[in-house]
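Each chain, letter by letter, is given below.
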Amino acid sequence: MSYLELHNIKKSYYLENEEFPVLTGIDLSFDQGEFVSIVGESGGGKTTLMNIIGGLDSNYSGDVVLNGKSLRHDTAKQLDAYRRQTIGFIFQNFDLISHLTVFNNVMVSLQMTKLSHKQQEARARQLLEQVGLKDHMRKYPNQLSGGQKQRVAIARALASDPEIIIADEPTGALDSQNTQEILALLDEIAKDGKLVITVTHSETVANHGTRIVRLADGKISEDKSIKQGYEKSQANELSTHTLRFGATLKMALENMRYNLKRNLLIVFGAAIGIFSVIVMLGLGNGVQGYINHEIYSQVNPNAVQVTQNVSDSSQDPSKIVMKTKDQNRLKDIKNVKHVQDGYFVQGGTQLRMGRKNASISFMQTYNPTMLTKSITKGHAPKNGEIMLTKEYAQKLNKKHPYSLVGKKVTFYQNALNKQKHPVMLSKTLKVSGIAKANTGATSVTYDTIKSIYKSKGIKIQPTFVTVVIKGDVKNVKPVQNKIKSFKNDKKKATYQITGVGGMVDTLNTYITLAVNVLATIAGISLLVSAIMIIVVLYISVSERTKEIGILRALGSSKGSIRNLFFSEAFFIGLFSSALAIGLAELLQVVANNIAQRGINYSIMQITPGNIIFGFVVAIFISLLAALAPAASAARLDPIESLSYE
Ligand SMILES: Nc1ncnc2c1ncn2[C@@H]1O[C@H](COP(=O)(O)OP(=O)(O)OP(=O)(O)O)[C@@H](O)[C@H]1O
Ligand SMILES: [Mg+2]
């Protein structure tokens, strides 16, 4: 029994159902220590036969038997292992991976052995020294001569110390000097007790071996031994595994580095999508925060003003009264602390101080929706006091409005008495403080206004109430919803919420809407990024078809090829998200710097959550984009890929 036996190998190609037989029954046996040259006319099926022996092609009839074991029933994975471990390929066109250095080209094969990383590197160095490339390890293939490239290929083929070396016209592209040197190397390999099978057109090359096999018309026409075979070796192939994920990651990185400019552009393009998403999120947080900050700094969010929901209040004043029944209903809502009477007057109010007059269009009783911090000077009104807005204070004292605090002012109010006769109410009040105009109305306490009306025998009832909500601001919305849910006979809301507090909610709804619209736009740019990554990876697959063929010939599994493109996508995702995060943070610093000067608030607030989100989305989208290209790369036929130009 020989080491490698071919039994009645037949192979045909089919074009549109027409059969083109190439091999019509090959029987051969080889032993270790032989240096066999296969010669025959061009198109005679030599490469076809080599692909069958090398486990690249399993679509044939007949049997390849290695060491007594047939390859026929091997699974795809077992054939991968066979190519990795038992076969060393040397191609006519060298077929090195162009973006890897000489050293790393050899390392690709060594990374599939179970040697430790240190041992792999030591072996790569030793093999390259053996083929005379000690000083060229850091070069890229395009910086080497043809003979040097072929030596790299030989060193790579020897990586796992395989028992069979298959060389398809290894000297076809070399001059006679280099041819001699390569032949000497192959001879050395055979002397080590390996089986060397070369394909050649050259009789000189053929005569260099120990045996010549001639192929004609798909059959063996001659098989002659010209020299004694060498002593066979003790088989000591290194055990192997497919290219690990770590190795594909590294290769993807090397490839990106090799095509640096292009990949930087891709990363930049992909980063734009992620960047806009992060910026939109940060801006959304900031704007929402800013508006809430503005509102909450002027009103107490835990208090809401409630009035009767009447369409035309002037028709029947009694309709707008908040009766005890209403108050009790509001008081019973969960989380309501208390309900406070309020009264507002629209028109007919005058203030007088000395010879100055100010007529006030709207005034209401002081209530808890107003924050004490909106009072610029003085304090909130107590009984017998009045708080003015700056606007009205200026009407009474243009130059020094704040000097009014503590002074007396006369308050006049037109009203109707019980008999519906107009009366003029008046009272002297002390100015308690000055408030910002946009925050509080000119106001007195409910008791003060009540006593002013009472002096003319008029009894007033609250025209609004202030509902004070306990605890967190979170409690406010449910209470507001409950208030809005009360319905009258006409199935319309009984109450309405007035004052700035009621707006916060609406405003936030608008902001959320705006943020969502912007986020959608950002999402679209993300989609564009994803499509770009898909296109780029497809281009990468077609560009690297040859490399895929080489890797498959060296014994990488389909899974490793897939991982190679997932690795590339992973790095695109990783780098683009890093860039996007960096740019977004930079923009945040600049934007907030400007915003602090203008509105004294950080308008962009990118949270760690936003960053993690951007990062995860980037990686996820990149990997998703890689699905189809990676699958198509894995599906490529190794033989077709190898012959891809
Ligand atoms: N994928 C394929 N589909 C169809 N026909 C093919 C395919 N590959 C090879 N052939 C045909 O099979 C025949 C043998 O091709 P092969 O490459 O094995 O020849 P070869 O002996 O290696 O030739 P050369 O010395 O020129 O390299 C040729 O006629 C070729 O056209
Ligand atoms: Mg050929």
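Residues numbered from 1 in each chain as written. Chains lettered and ligands numbered in written order. Predicted model: local features only at pLDDT ≥ 70, side-chain atom pairs only at ≥ 80, totals over all residues.

Draft legend 1. Geometry of the overall build of the chain. Tallying secondary structure elements over the chain gives 18 helices and 20 strands in all. Expected size for 645 residues packed as a compact globule is a radius of gyration near 26 Å; at 44 Å, the chain overshoots this value by more than 25%. For the chain, the spread of C-alpha atoms along the three principal axes comes to 140 × 55 × 40 Å. Within the chain, the proportion of its 645 residues that are buried is 42%. Pairs at least 24 residues apart make up 78% of the contacts formed inside the chain by residues separated by at least 6 positions. (Helix = DSSP H or I, 4+ residues; strand = E, 2+ residues; numbered from the N terminus. Rg over C-alpha atoms; globule rule 2.2 N^0.38 Å. Buried ≥ 20, exposed ≤ 12 C-beta atoms within 10 Å, placed from the backbone. Contact = placed C-beta atoms within 7 Å.)

Draft legend 2. Molecular detail of the sheet that holds strand E12 (residues 336-342). The four strands lie next to each other as E12-E19-E11-E20, forming an open sheet whose pairing is antiparallel. Because the sheet does not close on itself, it has two edges, and the strands there are E12 and strand E20 (495-498). Each strand axis lies, on average, 30° off the axis of its neighbour in the sheet, ignoring direction. Where E12 and strand E19 (residues 464-469) come together, six bridges link them in antiparallel fashion. Following the sheet pairing, Val339 is matched in E19 by Val467. Here helix H13 (residues 476-485) sits on the sheet in contact with strand E11 (303-308), E12, E19 and E20, set at roughly 140° to E20. (Pairing = 2+ DSSP bridges. Axes fitted to C-alpha atoms, helices over the stretch in contact; angles between N-to-C directions.)

Draft legend 3. Representation of the sheet that holds strand E3 (residues 35-40) in the model. On the basis of which strands lie adjacent, the open sheet formed by six strands has the order E6-E7-E8-E3-E9-E10 and mixed pairing. Pairing within the sheet leaves two strands with one partner each, and these edge strands are strand E6 (87-90) and strand E10 (219-225). Averaged over all pairs of adjacent strands, the angle between their axes in this sheet comes to 15°, without regard to strand direction.

Draft legend 4. Spotlight on the pairing of strand E13 (residues 344-353). In the sheet, E13 pairs with strand E14 (residues 356-364) via eight bridges, with the strands oriented antiparallel. Across the sheet, the residue bridging to Thr349 is Ile360, located in E14. Remark: two residues form the turn of the hairpin made by E13 and E14, two consecutive strands paired antiparallel; Gly354 in that turn has positive phi of roughly 60°. Across four bridges, the pairing between E13 and strand E17 (residues 408-416) is antiparallel. Bridging across to E17, Leu351 finds its partner in Phe411.

Draft legend 5. Here's a closer look at the nonpolar core. Among the nonpolar cores identified, the biggest contains 117 residues, and Val196, Ile274 and Ile278 are the most heavily contacted of them. Of all the elements, helix H9 (residues 260-296) adds the most residues to this core, at 12 residues. Residues from two domains meet in this core; each of domain 1 (4-241) and domain 2 (256-295 + 507-642) gives at least three. Among the nonpolar cores identified, the runner-up in size contains 25 residues, and Tyr366, Met370, Leu388 and Val444 belong to it. (Core = buried A, V, L, I, M, F, W, Y, C linked by C-beta atoms within 7 Å. Domains from an automatic or database assignment.)

Draft legend 6. Representation of the environment of Ile469. Mapping Ile469 onto the fold places it in strand E19. Overall, Ile469 belongs to the buried group, with 26 C-beta atoms counted inside 10 Å. In this structure the C-alpha to C-alpha distance between Ile469 and Lys484, which are 15 residues apart in sequence, comes to 15 Å.

Draft legend 7. Quick peek at the site of ligand 1. All residues adjacent to ligand 1 are Tyr13, Val22, Gly40, Ser42, Gly43, Gly44, Gly45, Lys46, Thr47 and Thr48. Broken down by element, the residue count for the shell around ligand 1 peaks at three residues, all from helix H1 (residues 46-53). Within the shell around ligand 1, the residues separate by chemical class into two nonpolar, seven polar and one charged. (Near = placed C-beta within 6 Å. Nonpolar A, V, L, I, M, F, W, Y, C, P; charged D, E, K, R; others polar.)

Draft legend 8. Focus on helix H5 (residues 146-157). The terminal C-alpha atoms of H5 lie 16 Å apart, and with 12 residues this matches the ideal 16 Å at 1.5 Å per residue to within 8%. By the criterion of burial, H5 is predominantly enclosed, with 10 of the 12 residues buried. Taken residue by residue, H5 has Gly147, Lys149, Gln150, Arg151, Val152, Ala153, Ile154, Ala155, Arg156 and Ala157 as its buried positions. Considering only its buried residues, H5 is in contact with E6, helix H3 (102-110), helix H4 (117-130), strand E7 (164-168) and helix H6 (176-191). (Expected span 1.5 Å × (residues − 1).)

Draft legend 9. Main features of H9. Between its first and last C-alpha atoms H9 spans 51 Å; for 37 residues at 1.5 Å apiece the expected length is 54 Å, and the two agree. The axis of H9 is deflected most strongly, by about 25°, at Ile272. (Bend = angle between axes of the 7 residues up to and from the residue.)

Draft legend 10. Region of the structure containing unusual backbone geometry. Its identity is not glycine, yet Asp161 carries a phi of approximately 55°, on the positive side. The residue Asn600 is not glycine, and still its phi comes out positive at about 60°. Among the secondary structure elements, Asn600 is positioned in the loop between helix H16 (558-599) and helix H17 (608-635). C-beta crowding within 10 Å serves as the criterion here: with 9 such atoms nearby, Asn600 is assigned to the exposed category.

Draft legend 11. Spatial organisation of the domain arrangement of the chain. Domain annotation for the chain reports domain 1 (4-241), domain 2 (256-295 + 507-642) and domain 3 (300-498). A straight line from the C-alpha centre of domain 1 to that of domain 2 covers 43 Å. Across the contact, 16 residues belong to domain 1 and 11 residues belong to domain 2. Listed by contribution, the elements that provide at least two residues to the side of domain 1 that touches domain 2 are helix H2 (76-85) and H3. With five residues, the top contributor of residues to the side of domain 1 that touches domain 2 is H2.

Draft legend 12. Geometry of the packing of H3 against H4. Contact pair H3 / H4: the axes reach a minimum separation of 9 Å and the direction vectors enclose 125°. In terms of axis orientation, H3 runs oblique to H4. In terms of crossing hand, the pair formed by H3 and H4 is right-handed. Here Val102, Phe103, Val106, Met107 and Leu110 of H3 come into contact with H4, specifically with Gln120, Arg123, Ala124, Leu127 and Leu128. A per-class count over the contact of H3 with H4 returns eight nonpolar, one polar and one charged. (Parallel < 35°, antiparallel > 145°, perpendicular 65-115°, else oblique. Left-handed = near helix turned anticlockwise from the far one by under 90°.)

Draft legend 13. Summary view of the environment of Pro141. Along the chain, Pro141 turns up in the loop between H4 and H5. Distance in space between the C-alpha atoms of Pro141 and Phe94 is 9.5 Å, their sequence separation being 47 residues. In contact with Pro141, other than residues within four places in its own chain, are Leu96, Ser98 and Lys149.

Draft legend 14. Broad picture of the environment of Ser98. By the secondary structure assignment, Ser98 is in the loop between E6 and H3. For the pair Ser98 and Tyr140, spaced 42 residues apart in sequence, the C-alpha to C-alpha distance is 6.6 Å.

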